[in-house]
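Fold and contact review
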Amino acid sequence: MNAAIKQLLLTTGILSALTVGSGLAQAQDLTIYTYDSFTAEWGPGPKVKENFEKSCGCTVNFVAVADGVALLNRLKLEGTSTKADIVLGLDTNLISDAKASGLFAPHALTDIKSNVPGNFQDDVFLPYDYSYFAVIYDSEKLTNPPKSMTELINGDTSQKIILMDPRTSTPGLGMMLWVKDLYGDQAAEQWQKLSKRVLTVTPGWSEGYGLFTKGEAPMVLSYTTSAAYHIISEKTERYKAVVFKEGNYLQIELAGQTVNGAKNPRAAEFLKFMTTSGFQDVIPETNWMYPAYNTSAPLNAAFDTLPKPDKSLLLASDTVAQNRKAWVDEWLKAMSR
């Protein structure tokens, strides 16, 4: 064989091997779209990444946006060109819209039962934690917090609350649906009243809760489990949650693999990993929610002190999908008056 040809074949072979090797390395990476508080240094993201990478021999890359609704909005904009393998941070209010996008693929974990209220199960989206939306208040600034949605809406307008935008935030969407569930056709009227107590509406939960802890308002929309953070991490019971007489709206957070992600075996591995202690043990004291599956040890006793609503509210996801745009428009109009 001619020496020049032999050298050319050898070089081509090396390049081909490098190309194949590079492709395999890239295939082992996992890209997860989620919300910014999940990836924060104090959130579950860093520990979840560490735990999964130990077992998968891969690299987990997080891409964060402000909140859960923004996740779905971004995915729809990217369409089939999305780099996301997993989307983590949607909730039950969004799954009908998400499925209708055609961008998600079923998982194979339907035989694994979760501990979420109502025994939620879905063949596309996997629950990983849950809690109840609630008003969190500063007990050093507010001694008589509202005990019902009616009291919140009709209370002292000098005592402000910070809310989130339902167009970009799952807590904001949850609050909008909470009011709609309770008041139906009268929801717009109630929002007009409540708007007098609203200090500001933030794009996501992190911004809103940060303003609250800085003392900008005595109340904020968050979760019944948020108080556990202050008890465990800050050793204070200053910030408290209230459950409402009418009931509190339930949030079940979910993850799903994209159609593109279904081609990456790491996506299915990660979904299975989410049901194990390597993921679930991290959730209670970083995401400050109830774990959807069993943990390796009992939760901190602080969680036993948290109030739990007598009534759990949750609209059907199909109902939300059919009406969300109209209800958001109604909310915008009412809040601008």
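Heads up: these notes are all about the structure in this document.

1. As for the overall build of the chain
- Secondary structure assignment for the chain yields 13 helices and twelve strands.
- If you line up the chain on its principal axes, its C-alpha atoms span 90 × 40 × 40 Å.
- Across the 337 residues that make up the chain, the buried fraction comes to 51%.
- Pairs at least 24 residues apart make up 77% of the contacts formed inside the chain by residues separated by at least 6 positions.
- Of the roughly 14900 Å² of accessible surface on the chain, a fraction of 52% belongs to carbon and sulfur atoms.

2. Overview of unusual backbone geometry
- Within the chain, Asn119 stands out as a residue other than glycine whose phi angle is a positive 55°.
- With respect to the helices and strands, Asn119 occurs in the loop between strand 4 (104–105) and strand 5 (126–138).
- Backbone geometry at Lys235 places phi at a positive 55°, although glycine is not the residue there.
- Considering the arrangement of structural elements, one finds Lys235 in the loop between helix 10 (226–233) and strand 9 (239–242).
- What makes Lys235 exposed here is its relative accessible area of 70%.

3. Examining the environment of Lys147
- Along the chain, Lys147 falls in the loop between strand 5 and helix 6 (149–154).
- For the pair Lys147 and Asp281, spaced 134 residues apart in the sequence, the C-alpha separation amounts to 32 Å.
- Reaching out from Lys147, the side chain makes a polar contact with the backbone oxygen of Pro145 at a distance of 3.3 Å.

4. Comments concerning the packing of aromatic side chains
- Per the counting criterion, the structure on display carries 22 aromatic pairs.
- Between Phe133 and Tyr249, the aromatic rings sit 6.4 Å apart at their centres with planes inclined by 25°, giving stacked as the arrangement. One end of the pair, Phe133, is in strand 5; the other, Tyr249, is in strand 10 (residues 248–258), and 116 residues separate them in sequence. Per residue, the accessibility class of Phe133 equals that of Tyr249, and both read buried.
- Taking NZ or CZ as reference, Arg74 lies 4.9 Å from the ring centre of Tyr33, over its face.

5. Thoughts on the nonpolar core
- Grouped together as the largest cluster of nonpolar side chains are 104 residues, with contacts concentrated most on Leu88, Met175, Trp191, Phe270 and Phe279.
- Per element, the largest residue contribution to this core is nine residues, and it comes from strand 5.
- Once residues lying within four places of it in the same chain are set aside, the contact partners of Phe270 are Leu30, Ile32, Val48, Phe52, Ile86, Leu88 and Phe279.

Each value, and the rule that gives it
Residues numbered from 1 in each chain as written. Predicted model: local features only at pLDDT ≥ 70, side-chain atom pairs only at ≥ 80, totals over all residues. Heavy atoms only, no water. Helix = DSSP H or I, 4+ residues; strand = E, 2+ residues; numbered from the N terminus. Buried < 20%, exposed > 50% of the residue type's maximum accessible area, 1.4 Å probe, protein only. Contact = heavy atoms within 4.5 Å. Areas by Shrake-Rupley, 256 points an atom, 1.4 Å probe, with all protein chains shown as cover. Polar contact = N/O pair within 3.5 Å; in protein donor to acceptor, adjacent residues only side chain to side chain. Phe/Tyr/Trp six-rings, centres within 6.5 Å; stacked < 30°, edge-to-face > 60°. Lys NZ or Arg CZ within 6 Å of the ring centre and 35° of its normal. Core = buried A, V, L, I, M, F, W, Y, C linked by side-chain atoms within 4.5 Å.

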